[in-house]
Amino acid sequence: MKSMKLILMSLTLGSVFLFSGCGNGDGKGTGAIGSSGAAEKVYVAPGELDEYYQFFSGGFSGQVTVHGLPSGRLLKTIPVFATDGEKGYGFNEETKPMLMTTFGFVPWDDAHHPKLSQTNGEHDGNFLFINGNNTPRVARIDLTTFETTEIIQIPNTAGLHGSPYPTQNSEYLVAGTRFSVPIPQEDVSIDTYKENFKGTFTFISGGQEPGKMDIAFQILVPGYDYDLATSGKGPSHGWTFFTSYNVEQENTLKEKYASQYDKDYIAAVNWKKAEEYIAQGKFKEWPAEYYHNFYNDKTHTATATKKSGVKVLIPAECPGLVYYLPTPKSPHGVDVNPTGELIVGSGKLSADLTVHSFAKMLAAIEAESFDQEIDGIPVLNFEAIVAGTVASGGLGPLHTEFDGRGNAYTSFFISSEIVKWSTETFEVLDRIPSYYSIGHLSIPGGGSMKPWENGKYMISMNKITKDRYLPTGPELAHSAQLYDISGDKMELLLDFPTMGEPHYAQGILASKIIDRQVKFFPLEENEHTYKTLNEKDTRVERDGNEVHIYATMIRSHFAPDNIEGVKVGDKVYFHVTNLEQDWDVPHGLAIMGAQNAELLIMPGQTETLLWEPLTPGIFPFYCSDFCSALHQEMQGYVRVSPADSDVKLSWKLGDEGSGN
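Residues numbered from 1 in each chain as written. Predicted model: local features only at pLDDT ≥ 70, side-chain atom pairs only at ≥ 80, totals over all residues. Heavy atoms only, no water.

Chemist: I would appreciate a short explanation of the overall build of the protein chain in the present structure.
Modeler: Counting its regular elements, the protein chain contains seven helices and 47 strands. Expected size for 660 residues packed as a compact globule is a radius of gyration near 26 Å; at 27 Å, the protein chain falls within 12% of this value. Relative to its full complement of 660 residues, the protein chain shows a buried share of 59%. Surface accessibility of the protein chain: about 25100 Å² in total, with carbon and sulfur atoms responsible for 52%. The averaged location of the 83 negative side-chain charges in the protein chain is 2 Å from the averaged location of its 52 positive side-chain charges. (Helix = DSSP H or I, 4+ residues; strand = E, 2+ residues; numbered from the N terminus. Rg over C-alpha atoms; globule rule 2.2 N^0.38 Å. Buried < 20%, exposed > 50% of the residue type's maximum accessible area, 1.4 Å probe, protein only. Areas by Shrake-Rupley, 256 points an atom, 1.4 Å probe, with all protein chains shown as cover. Lys, Arg positive; Asp, Glu negative; His and termini not counted. Charge placed at Lys NZ, Arg CZ, Asp CG, Glu CD.)

Here it is as structure tokens:
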């Protein structure tokens with residue numbers, strides 16, 4: 001197997017050229033966009049709408065992007081784990097708490113796997129969840145506002161890669177640690193990895209309850225690297241599956257030493273059994289600190305709450321909780337088909353796909369068909385649980401999606417292709433190149449029990465795009481490619497660039513979301529502490545060296561728009577309410593010298609900008625979001641005087657003024 005790995009590694013660089021000349025001009029099964037109908041299939045005429053929303057991870061941008069399908073058009077960037085100057089996220093006083101952690105204010109993360117909430121195994125359009133890989137966190141995005149409204153930090157873990165996979169009714173969001181570390185953390189030699197390093201599986205409750213996300217329980221597992229996960233459905237509902245690699249438990253040169261064994265494991269977790277053990281009190285209460293951050297759409301303000309203590313289950317003390325399914329080799333993805341019966345393991349260093357049977361797994365557990373036990377976790381006999389093998393699928397399988405018609409589609413990173421195969425016969429049905437070094441695939445609904453319209457489109461997310469786009473220096477745009485999978489043969493329809501590294505994406509019919517959109521926030525429901533609901537209540541108040549400006553904005557002026565009496569050394573808080581009550585009329589606030597960002601305030605919302613003037617002078621502020629024909633006239637001035645000045649605090653709009 002060492003020689004196999006070296007061969008696969010040597011092919012990685014060359015793979016980007018393997019298929020660059022492929023294609024016979026007909027656009028069928030070759031990857032070339034040669035069909036005269038391809039452009040027509042992705043064309044969305046002016047004034048018409050896309051059929052699907054597609055949510056992409058922004059990778060190392062820390063954000064989520066929203067595209068329309070089939071056009072591929074970028075509709076919105078949703079800030080999640082990183083500050084965003086366009087929207088003021090993480091800069092305004094209301095959203096700063098969203099980025100609080102036990103490490104302090106962390107304004108960046110590596111966002112990997114957007115997952116839609118589910119009801120009865122189907123995507124319900126309520127929420128989107130996504131993980132932060134670097135500082136372990138899981139976020140909720142409300143799909144009525146397309147804004148991040150909740151983030152929970154995950155303690156006792158490192159590298160939250162295999163997350164946040166929802167269960168069939170979003171009872172839990174599940175997460176696995178990528179990097180095993182001492183748990184609880186302690187100062188030990190790295191060379192004591194095998195003795196002291198452990199992993200955890202985390203089950204987060206409150207998936208369908210805004211503001212209620214919390215750590216329900218964690219499971220302590222051997223110190224492997226846990227990669228991806230998926231939750232069961234139908235007959236396998238109540239189970240979650242995690243891939244692992246580095247069962248060798250090596251801590252250096254993992255590309256060499258962590259691939260010695262022929263098989264790694266898929267961990268099968270019976271979370272309904274875990275609930276029983278929790279109810280029986282068979283858990284350890286471990287000290288741990290973590291943050292729960294929640295944004296309230298009534299107060300338009302986030303709060304950050306530090307929590308402590310988690311319930312931890314130990315498999316050796318909880319029989320029937322976890323089982324290991326041997327799987328070749330260094331598996332990345334684990335995917336369950338829409339019926340809930342097949343568990344597909346994608347061993348990166350195996351040329352074949354291994355498909356496990358859930359029914360056979362249960363039978364093997366019942367018969368105690370175990371090869372060994374590791375830290376109280378039985379290892380099931382490989383032959384007893386395998387449903388079939390997809391032979392000669394390709395090189396470097398990563399991830400599988402399903403179309404609802406009995407077909408599966410697997411991405412192969414090294415050979416840069418997608419392979420279509422039958423979940424009944426395990427025969428390869430079709431293959432098509434991707435451009436290039438493909439990662440994950442996405443079929444709208446393909447990870448649920450009901451792929452939308454039985455699989456019409458498929459997206460591939462690719463890491464390298466040589467010759468696909470205009471060059472932009474040393475780094476090229478990352479790529480998504482859209483395929484038509486409605487027929488027997490896959491057809492490439494469209495390339496479009498994406499933000500950051502698009503690890504994964506999920507799509508949903510637009511009709512599940514579009515009629516539930518919040519168009520504005522009713523002023524009468526605004527519960528912000530510093531709201532100002534009409535111009536007559538606008539004012540400026542001093543409290544020591546703090547100056548609070550209670551302002552409003554409406555097309556096309558601020559109230560007030562002339563302010564004097566601010567001094568060097570003051571902390572100036574602009575509390576600005578957008579009085580508009582119409583759809584798509586946000587206003588912006590920017591002021592010269594601010595060391596953060598603009599405010600972008602939705603209709604009916606209140607937001608706060610902290611400004612600390614450093615020098616005397618006249619400082620203009622203005623609306624930064626085009627709002628009307630008189631947008632340029634929507635501006636004002638703040639006079640800043642020396643710290644020892646006796647200039648009185650005053651403000652005005654037109655001829656109306658006040659002061660104290």
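Chemist: Explanation requested: the side chain of glutamine 605 in the structure shown.
Modeler: Tracing the sequence through the fold places glutamine 605 in the loop between strand S42 (599-601) and strand S43 (606-611). Here tyrosine 295 takes part through its side chain, which lies 3.3 Å from a polar atom of the side chain of glutamine 605. (Polar contact = N/O pair within 3.5 Å; in protein donor to acceptor, adjacent residues only side chain to side chain.)

Chemist: I tried to follow the sheet that holds strand S31 (residues 438-442) on my own but got confused; where do I start?
Modeler: Whether parallel or antiparallel, the strands of a sheet pair through hydrogen bonds between backbone atoms. Taken together, four strands build an open sheet; the order of strands is S31-S32-S33-S34 and the sheet is antiparallel. Two strands bound the open sheet, and with one partner strand each, they are S31 and strand S34 (491-498). Direction aside, the axes of adjacent strands within the sheet are offset by 25 degrees on average. Bridging between strand S32 (residues 457-462) and strand S33 (residues 478-484) involves six bridges; their strand directions are antiparallel. (Pairing = 2+ DSSP bridges. Axes fitted to C-alpha atoms, helices over the stretch in contact; angles between N-to-C directions.)

Chemist: Mind showing me how you'd approach the side chain of serine 460 here?
Modeler: Its location among the elements puts serine 460 in strand S32. Of note is the side chain of serine 460, whose polar atom sits 3.4 Å from the side chain of asparagine 462.

Chemist: So what exactly am I meant to see when it comes to the environment of glutamate 525 here?
Modeler: Tracing the backbone shows glutamate 525 in the loop between strand S35 (505-509) and strand S36 (539-543). Separated by 228 residues in sequence, glutamate 525 and aspartate 297 have C-alpha atoms that sit 9.4 Å apart. At 2.8 Å, the side chain of glutamate 525 and the side chain of lysine 298 are in polar contact.

Chemist: I keep staring at the packing of aromatic side chains and nothing clicks. Help me out?
Modeler: Two aromatic rings are characterised by how far apart their centres lie and by the angle between their planes. Applying the stated criterion across every chain, the model contains 27 aromatic pairs. Ring geometry for phenylalanine 55 and phenylalanine 146: centres 5.9 Å apart, planes at 35 degrees, overall tilted. Of this pair, phenylalanine 55 sits in strand S1 (residues 52-57) while phenylalanine 146 sits in the loop between strand S8 (137-142) and strand S9 (147-153), placing them 91 residues apart in sequence. Residue phenylalanine 55 is classed as buried on the basis of its relative accessible area of 0%. For phenylalanine 146, a relative accessible area of 7% puts it in the buried group. Ring centres of tryptophan 239 and tyrosine 323 lie 6.3 Å apart, and the angle between their planes is 35 degrees; on these two criteria the pair is classed as tilted. Taken together, the positions of tryptophan 239 in strand S16 (residues 239-245) and tyrosine 323 in strand S20 (residues 322-327) put the pair 84 residues apart, joining distant regions of the chain. Given the relative accessible area of 8%, tryptophan 239 is considered buried. Relative accessible area serves as the criterion here: at 8%, tyrosine 323 is assigned to the buried category. Within the aromatic cluster, the residues linked to one another by ring pairs are Phe201, Tyr224, Tyr226, Phe242, Tyr265 and Tyr324. Here the basic side chain of lysine 263 rests over the ring of phenylalanine 382, its NZ or CZ set 4.6 Å away from the ring centre. (Phe/Tyr/Trp six-rings, centres within 6.5 Å; stacked < 30°, edge-to-face > 60°. Lys NZ or Arg CZ within 6 Å of the ring centre and 35° of its normal.)

Chemist: How do you make sense of unusual backbone geometry when you look at a structure like this?
Modeler: It is generally the case that most residues other than glycine have a negative phi and that most peptide bonds are trans. Residue proline 70 is reached from leucine 69 by a cis peptide bond, and omega for that bond is 15 degrees. In this fold, proline 70 is placed in the loop between strand S2 (64-69) and strand S3 (74-78). Following arginine 555, the chain continues into serine 556 via a peptide bond in cis, with omega recorded as 10 degrees. Structurally, the position occupied by serine 556 is in the loop between strand S37 (546-554) and strand S38 (557-559). At leucine 253, a position not held by glycine, the phi torsion is positive, near 45 degrees. Along the chain, leucine 253 turns up in the loop between S16 and helix H4 (254-257).

Chemist: Looking at this structure, I do not really get the sheet that holds S2. What am I missing?
Modeler: Spatial ordering of the open sheet is given by S3-S2-S1-S35, a layout of four strands whose pairing is antiparallel. Where the open sheet ends on each side, the last strands, each with one partner, are S3 and S35. Strand-to-strand, the axes of this sheet are offset by a mean angle of 20 degrees, without reference to chain direction. By the bridge criterion, five bridges tie S1 to S35 in an arrangement that is antiparallel.

Chemist: Just to check I follow, could you spell out the pattern of salt bridges for this structure?
Modeler: Taken as a whole, this structure holds 27 salt bridges when the rule is applied. In this structure, aspartate 50 and arginine 73 form a salt bridge, with 3.2 Å as the shortest nitrogen-oxygen distance. With aspartate 50 in the loop between helix H2 (38-42) and S1 and arginine 73 in the loop between S2 and S3, the pair connects residues that are 23 residues apart, well separated along the chain. A relative accessible area of 36% places arginine 73 in the partly exposed class. Two residues, arginine 555 and glutamate 580, come together in a salt bridge whose shortest N-O distance is 2.9 Å. You can see arginine 555 sitting in the loop between S37 and S38 and its partner glutamate 580 sitting in the loop between strand S40 (571-578) and strand S41 (587-591), a full 25 residues away along the chain. Residue classification places glutamate 580 among the buried residues on the basis of a relative accessible area of 4%. (Salt bridge = Lys/Arg side-chain N within 4 Å of Asp/Glu carboxyl O.)

Chemist: Hey, could you run me through the pairing of S35 in this one?
Modeler: Along a regular strand, successive side chains alternate from one face of the sheet to the other. The buried fraction of S35 is high, at five of five residues. Side chains Ala505, Gly507 and Leu509 of S35 all project onto a buried face; the interleaved residues Gln506 and Ile508 project onto the opposite face, where all are buried too.

Chemist: Would you mind going over the state of the cysteines with me for this structure?
Modeler: Disulfide: a covalent bond connecting the sulfur atoms of a pair of cysteines. Taken as a whole and assessed by the stated rule, the structure comprises zero disulfides. As a non-bridged cysteine, cysteine 623 has cysteine 627 as the owner of its nearest cysteine sulfur, 4.1 Å distant. (Disulfide = S-S within 2.5 Å.)

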